[in-house]
Amino acid sequence: MYQIISESLTRQERALALLHDLLEEEYQTLLKRDANAIASLEFSIQELIRQLAVEKSLVIKSLAGKRVLEYADSLEMEEGEILKALFHDIDKSEQQVSRLASRNAQLSLGLLDQSTFTLQALTSEAAPPRAGTYGRRGGMLYELHPQAALISGRL
């Protein structure tokens, strides 16, 4: 059982290192705004996360609900220390990956907001004026500004 858990934790550690690299690449791609590359990277990231979840469930099933650190304490000192080191490395890597994923999510939401505001501004510029702007003869109707009429010399 030690070998199964040790190998699974090692695979998790390597997968998290790969996930870290993919998230860094995704960030650079987001900065370049390459939608096709982002979609491809996102698919790879999701598949890697799915595989990580399978590895985690394998460890949970193997330990039958027991925690990894509790299991490591019950082993010989050398084996237990190896498992504890792997566990702490995985924990640290998960925290780093979480921060990177949060950063990427904030950037992508910011780009979405920017694109939405730009599209709204362009739409408002391209849209025709209000329906009541044109008169019966096809000319523009001037908006009345009674407060400025006296200053401009009109009565």
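Shown above is the structure to which this text applies.
Residues numbered from 1 in each chain as written. Predicted model: local features only at pLDDT ≥ 70, side-chain atom pairs only at ≥ 80, totals over all residues. Heavy atoms only, no water.

This next bit is on the overall build of the protein. Across its full length, the protein carries 5 helices and 0 strands. Helices and strands in the protein line up, N terminus first, as α-α-α-α-α. Every one of the 155 residues in the protein was classed for burial, and the buried ones make up 23%. Summing over all exposed atoms, the protein offers an accessible surface of approximately 11,500 Å²; the carbon and sulfur share of this is 58%. (Helix = DSSP H or I, 4+ residues; strand = E, 2+ residues; numbered from the N terminus. Buried < 20%, exposed > 50% of the residue type's maximum accessible area, 1.4 Å probe, protein only. Areas by Shrake-Rupley, 256 points an atom, 1.4 Å probe, with all protein chains shown as cover.)

Assignment of secondary structure puts E26 in helix α1 (residues 2-32). Put simply, E26 is tucked away with no salt bridge, and the nearest opposite charge, on R103, sits 7.7 Å away. In contact with E26, not counting residues within four places along its chain, are L41, E42, I45 and N104. (Lys, Arg positive; Asp, Glu negative; His and termini not counted. Salt bridge = Lys/Arg side-chain N within 4 Å of Asp/Glu carboxyl O. Contact = heavy atoms within 4.5 Å.)

Here the focus is the pattern of salt bridges. Tallied over the full model, the rule gives 5 salt bridges. Across the pair R103 and E24 runs a salt bridge, and its minimum N-O distance is 3.6 Å. Residue R103 is located in helix α4 (residues 77-126), and its partner E24 is located in helix α1; the two are separated by 79 residues in the primary sequence. Here E24 falls in the partly exposed class, since its relative accessible area comes to 27%. Its salt-bridge partner being E47, residue R50 comes within 2.6 Å of it at the nearest N-O pair. Separated by 3 residues within a single helix, R50 and E47 lie in helix α2 (residues 35-63), roughly one turn from each other.

Counted by the stated rule, this structure contains 0 aromatic pairs. Taking the ring centre of Y27 as reference, the NZ or CZ of R103 above it sits at 3.8 Å. (Phe/Tyr/Trp six-rings, centres within 6.5 Å; stacked < 30°, edge-to-face > 60°. Lys NZ or Arg CZ within 6 Å of the ring centre and 35° of its normal.)

Position of D91 among the secondary structure elements: in helix α4. In this structure, the C-alpha to C-alpha distance between D91 and E13, residues 78 residues apart in sequence, is 9.1 Å.

Under the 1.5 Å per step criterion, the end-to-end length of α1 is 45 Å for 31 residues, consistent within 8% with the ideal 45 Å. Backbone geometry just downstream of α1 places R33 in the positive-phi region, at approximately 60°. (Expected span 1.5 Å × (residues − 1).)

With that out of the way, let us pick up the packing of α1 against α2. Closest axis-to-axis distance for the α1/α2 pair is 9 Å, and the angle between their directions is 160°. With respect to α2, the element α1 is oriented roughly antiparallel. Crossing geometry of α1 relative to α2 is assigned as left-handed. Grouping the constituent residues of the contact of α1 with α2 by class yields 19 nonpolar, 5 polar and 6 charged. (Axes fitted to C-alpha atoms, helices over the stretch in contact; angles between N-to-C directions. Parallel < 35°, antiparallel > 145°, perpendicular 65-115°, else oblique. Left-handed = near helix turned anticlockwise from the far one by under 90°. Nonpolar A, V, L, I, M, F, W, Y, C, P; charged D, E, K, R; others polar.)

The subject of this paragraph is α2. Helix length check: α2, at 29 residues, gives a terminal C-alpha distance of 42 Å against a target of 42 Å (1.5 Å per residue), a fit within 8%. All of the buried residues along α2 are I38, L41, I45, L48, L52, E55, V59 and L63. Where the residues of α2 are buried, they touch α1 and α3 (68-74). Within two residues after α2, A64 carries a phi angle of roughly 55°, on the positive side.

Distances and angles like these do not, on their own, reveal function.
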